[in-house]
Amino acid sequence: MEITFIQGLLLSIAAMIFGIDFWLESFFIFRPLIVSTITGLILGDVKLGLTTGALTELAFAGLTPAGGTQPPNPILAGVMCTVIAYTTNVDGQAALGLCLPFSFLMQYVVLFCYSSFSFFMGVCDNAAENGDTKKIAQMNLLMTGIVALLYGVVVFACTFLAQDAMSALVNHMPEFLTHGLTVAGGILPAIGFGMLLNVMMKPKYIPYFIAGFLAVCFIDMKNLLPVALMGAAFALFDFFNAKQRQEEIKEAVKNLKVDGGDDHVGI
């Protein structure tokens, strides 16, 4: 299926909003699950957006910016995974493998912004010395606007202008290459989830991990909603227990202050 000019324009505008959010890291609507779902909504296939978004989210779950480092861009991955699956009729796993070059492209564009924006820092330093808050605000708005514009241009070029070339490339791929991309796309979510566990896994969470593993692998369920609800129950249980322990510690400290010691405490 082809993407119309209006759809390409709407995708570009949505990418600008996602790009600003990714730049500021404020509402986290730049995550692939949300990006792909909205992309599917624009293209008229929400189910496809949810499917590709879930795959892409798992693949990018452990990839987060740290300091000056920049991981492959989750916005372009979310948009292009859905767009490729929509325009070329490949499955979500193959689309996930095919969307990675676009993600790498935007990664380098953002890194270019990081480097080039360093030239504006002298202006901001002078404004800070003079107490010119208006100038600092203008510079921040200018740089954020440049980033948003770049997202819009790249997404419009990739989704609308290059769709014929992209479809021709995918349709002329040999079967073994398409199959390899499908296999790679199936492995990527496991790698992303493994990277996330490498950061978050603590000994006290191992029982929850085992419970979820057993529920998914050995209980016949039509979807993962029961496991998600079980995870939410575990999270609430841990949250309220931790809160109760904090209250008990505060009460114990309060009692020590009231009833503690006599006048001859010390050496």
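Residues numbered from 1 in each chain as written. Predicted model: local features only at pLDDT ≥ 70, side-chain atom pairs only at ≥ 80, totals over all residues. Heavy atoms only, no water.

S.K.: An account of the environment of Ala85 is requested, with residue identities and associated values reported.
M.R.: Turning to its location among the elements, Ala85 is positioned in helix α4 (residues 74–88). Taking the C-alpha atoms as reference, Ala85 lies 8.1 Å from Thr52; in sequence the two are 33 residues apart. Those residues in contact with Ala85, other than ones at most four positions away along the chain, are Leu48, Thr52, Val90 and Ala95. (Helix = DSSP H or I, 4+ residues; strand = E, 2+ residues; numbered from the N terminus. Contact = heavy atoms within 4.5 Å.)

S.K.: Give me the lowdown on helix α2 (residues 32–43), citing residues and values where you can.
M.R.: The terminal C-alpha atoms of α2, which comprises twelve residues, lie 16 Å apart, in line with the 16 Å expected from a rise of 1.5 Å per residue. Looking at the buried positions of α2, the neighbouring elements they touch are α1 (5–24), α3 (46–59) and α4. Backbone geometry just downstream of α2 places Gly44 in the positive-phi region, at approximately 85°. (Expected span 1.5 Å × (residues − 1).)

S.K.: Talk me through α3; I want residue IDs and the actual numbers.
M.R.: Over its 14 residues, α3 runs 20 Å from end to end, which matches the ideal 20 Å to within 8%, given 1.5 Å per residue. Within α3, burial applies to Leu48, Gly49, Thr52, Gly53, Leu55, Thr56, Glu57 and Ala59. (Buried < 20%, exposed > 50% of the residue type's maximum accessible area, 1.4 Å probe, protein only.)

S.K.: Describe the pattern of salt bridges, with residues and values.
M.R.: Evaluated as defined, the whole model comprises one salt bridge. For the salt bridge of Glu57 with Arg31, the shortest nitrogen-to-oxygen distance reads 3.1 Å. With Glu57 in helix α3 and Arg31 in the loop between α1 and α2, the pair connects residues that are 26 residues apart, well separated along the chain. Neither residue differs from the other here; Glu57 and Arg31 are each classed as buried. (Salt bridge = Lys/Arg side-chain N within 4 Å of Asp/Glu carboxyl O.)

S.K.: An account of the packing of α1 against α2 is requested, with residue identities and associated values reported.
M.R.: Two numbers describe a pair of packed helices, the interaxial angle and the distance between the axes. Look at α1 against α2: their axes get within 10 Å of each other, and the N-to-C directions meet at 160°. As summarised for this structure, α1 and α2 are arranged roughly antiparallel, according to the angle between their axes. For α1 against α2, the interelement crossing comes out right-handed. Contacts from Gln7, Leu10, Leu11, Ala14 and Phe18 in α1 reach Val35, Ile38, Thr39, Ile42 and Leu43 in α2. (Axes fitted to C-alpha atoms, helices over the stretch in contact; angles between N-to-C directions. Parallel < 35°, antiparallel > 145°, perpendicular 65-115°, else oblique. Left-handed = near helix turned anticlockwise from the far one by under 90°.)

S.K.: Outline the nonpolar core, listing residues and values.
M.R.: By size, the foremost hydrophobic cluster in this structure holds 49 residues, and its most contacted members are Leu76, Met80, Val83, Ile84 and Tyr151. Every element with two or more residues in this core is listed here: α1, α2, α3, α4, α5 (92–116), α7 (133–161) and α8 (163–171). Setting aside its immediate chain neighbours within four residues, Ile84 contacts Asn89, Val90, Ala95, Leu98, Cys99, Phe102 and Met166. (Core = buried A, V, L, I, M, F, W, Y, C linked by side-chain atoms within 4.5 Å.)

S.K.: Describe the domain arrangement of the protein, listing the residues and the values that go with them.
M.R.: It is common to report an interface's size as the accessible area lost on association of the parts. Considered domain by domain, the protein is made up of domain 1 (5–193) and domain 2 (201–256). Once you take the C-alpha centre of each, domain 1 and domain 2 turn out to be 33 Å apart. (Domains from an automatic or database assignment.)

S.K.: I'd like to hear about the packing of α2 against α3, residue by residue, with values.
M.R.: Closest axis-to-axis distance for the α2/α3 pair is 7 Å, and the angle between their directions is 160°. With respect to α3, the element α2 is oriented roughly antiparallel. Viewed along their axes, α2 and α3 form a crossing whose handedness is right-handed. Facing α2, whose interface residues are Pro32, Leu33, Ser36, Thr37, Gly40 and Leu41, α3 presents Val46, Gly49, Leu50, Thr52, Gly53, Ala54, Thr56 and Glu57. Across the contact of α2 with α3, the residue classes tally to six nonpolar, seven polar and one charged. (Nonpolar A, V, L, I, M, F, W, Y, C, P; charged D, E, K, R; others polar.)

S.K.: With reference to specific residues and values, describe unusual backbone geometry.
M.R.: Most peptide bonds take the trans form, and the phi angle of most residues other than glycine is negative. Positive phi values are uncommon outside glycine, yet Phe28 reaches one of about 60°. Positionally, Phe28 belongs in the loop between α1 and α2. With relative accessibility at 41%, the residue Phe28 sits in the partly exposed group. A positive phi angle is found at Asn89, which is not glycine, with a value near 65°.

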